[in-house]
Amino acid sequence: MSSLKGKIITVVGSGLIGRSWAMVFLSGGYKVKIYDNKPGQASGAITEIRKQLEELQQAKMLRGNLSAAEQLSLLSSHDDLQQALEGAFFVQECVFEDLEAKQTVFLEVENLVPESVIISSSTSCLMPSNVFSRVQNRTRCIISHPVNPPYYVRLVELVPHPETLSAVMDVAYSLMTDVGQAPVRLKKEIDGFALNRVQYAIIAESWRLVQDGVISVKDIDLVMSEGLGMRYAFIGPIETMHLNAPEGMEDYLQRYNEGMKRVLTTFGPVPDFSGEPAARIIKEVCELIPSEHEHLTARRERRDHLLMGLAKLKK
């Protein structure tokens, strides 16, 4: 990746995810052009990024080897897409999660960049075959799905279009590794990718347990934060299985195969997350964490600091 150092990455969309991607790429020493089709939005994003980088530096939590000022010197804002794309080798799309909007962006981008430029989407659940359906050359297209907030949670899911070249996946993987993210490769597209399929399975069963009166909202969150989450932050579910029996995975399956299948057959249907059960759960959540802006902002800031601390521990 040394040959790419100092090269240009264009971030299309200046919202939360776009700003976060810009900060991640800047931390790796890349020049970043941030674009938004709403006049003034991109320049406003730079103001917010400057504030965050300076705060991170003061808290000694700034990523990378460059100072906040050095990173900011690599950043520019643009209201003109063609100007924003000039010289870029990698384009990271970060517009809102709407299929038509993303398809329109990629159609415009493809017409303005050379064939060698990699076109990447931040979509969290739209299938690559749908997102890139209007692009002519889909061999250079890829999903690079971050986890919110990307600056603190380093996982990136790389999901190929059926036509994506392996070389494109390799460059994306190397880039993400170079800027300090933790990329994983999906071998083929699947609805929800990997992270959201696992996340939604946990959400669904947690919701059912609360909805059916088995456990409270507070206690189901403790099951994760003080139980599963403590070990899953360092080792995944498959390694956990391997380590949780004296003789490893084969031993684990022999011991717990029947129990796992018995419990899994008791799982209920997919919740609809609405109506009276949803109202009850929302009320219980809001009693624990008021939904006023200042309360949520404070909790998010605490979350971000804890996540950064965890990331440092894992290094």
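Not measured: the values here are computed from a predicted model.

Asks: I keep staring at the sheet that holds strand β7 (residues 155-160) and nothing clicks. Help me out?
Replies: Backbone-to-backbone hydrogen bonds pair the strands of a sheet. The strands run either parallel or antiparallel. The eight strands are arranged β3-β2-β1-β4-β5-β6-β7-β8 in an open sheet whose pairing can be described as mixed. Either end of the sheet is taken by a strand with one partner, and the two such strands are β3 (75-78) and β8 (182-185). In this sheet, neighbouring strand axes are inclined to one another by 25 degrees on average, regardless of whether the strands run parallel or antiparallel. Judged from the five bridges that link them, strand β1 (residues 8-12) and strand β4 (residues 88-93) form a sheet pairing that is parallel. Within β4, the position partnered with I9 by the bridge is F90. Against the sheet, helix α2 (residues 41-58) engages β2 (31-35) and β3, with an angle of about 150 degrees to β3.

Asks: Looking at this model, I keep getting lost on helix α11 (residues 249-264). Mind explaining?
Replies: With 16 residues, α11 extends only 19 Å from end C-alpha to end C-alpha; this falls clearly short of the ideal 22 Å at 1.5 Å per step. Y256 marks where α11 bends most, by close to 55 degrees.

Asks: What am I meant to see in the pattern of salt bridges here?
Replies: Pairs may arise between side chains of opposite charge once their charged atoms sit close together. The full count for this structure, using the stated rule, is twelve salt bridges. The residue E205 makes a salt bridge to R208 at a minimum N-O spacing of 2.8 Å. Here E205 pairs with R208, and both are found in helix α8 (residues 195-211), just three residues apart, close to one helical turn. Neither E205 nor R208 differs from the other in exposure class; each is buried. In this structure, the salt-bridge partner of E276 is R280, at a minimum N-O distance of 2.7 Å. Of the two residues, E276 and R280 both sit in helix α12 (residues 275-288), four residues apart, roughly one turn of that helix.

Basis of the calculations
- Residues numbered from 1 in each chain as written.
- Predicted model: local features only at pLDDT ≥ 70, side-chain atom pairs only at ≥ 80, totals over all residues.
- Heavy atoms only, no water.
- Pairing = 2+ DSSP bridges.
- Helix = DSSP H or I, 4+ residues; strand = E, 2+ residues; numbered from the N terminus.
- Axes fitted to C-alpha atoms, helices over the stretch in contact; angles between N-to-C directions.
- Contact = heavy atoms within 4.5 Å.
- Expected span 1.5 Å × (residues − 1).
- Bend = angle between axes of the 7 residues up to and from the residue.
- Salt bridge = Lys/Arg side-chain N within 4 Å of Asp/Glu carboxyl O.
- Buried < 20%, exposed > 50% of the residue type's maximum accessible area, 1.4 Å probe, protein only.

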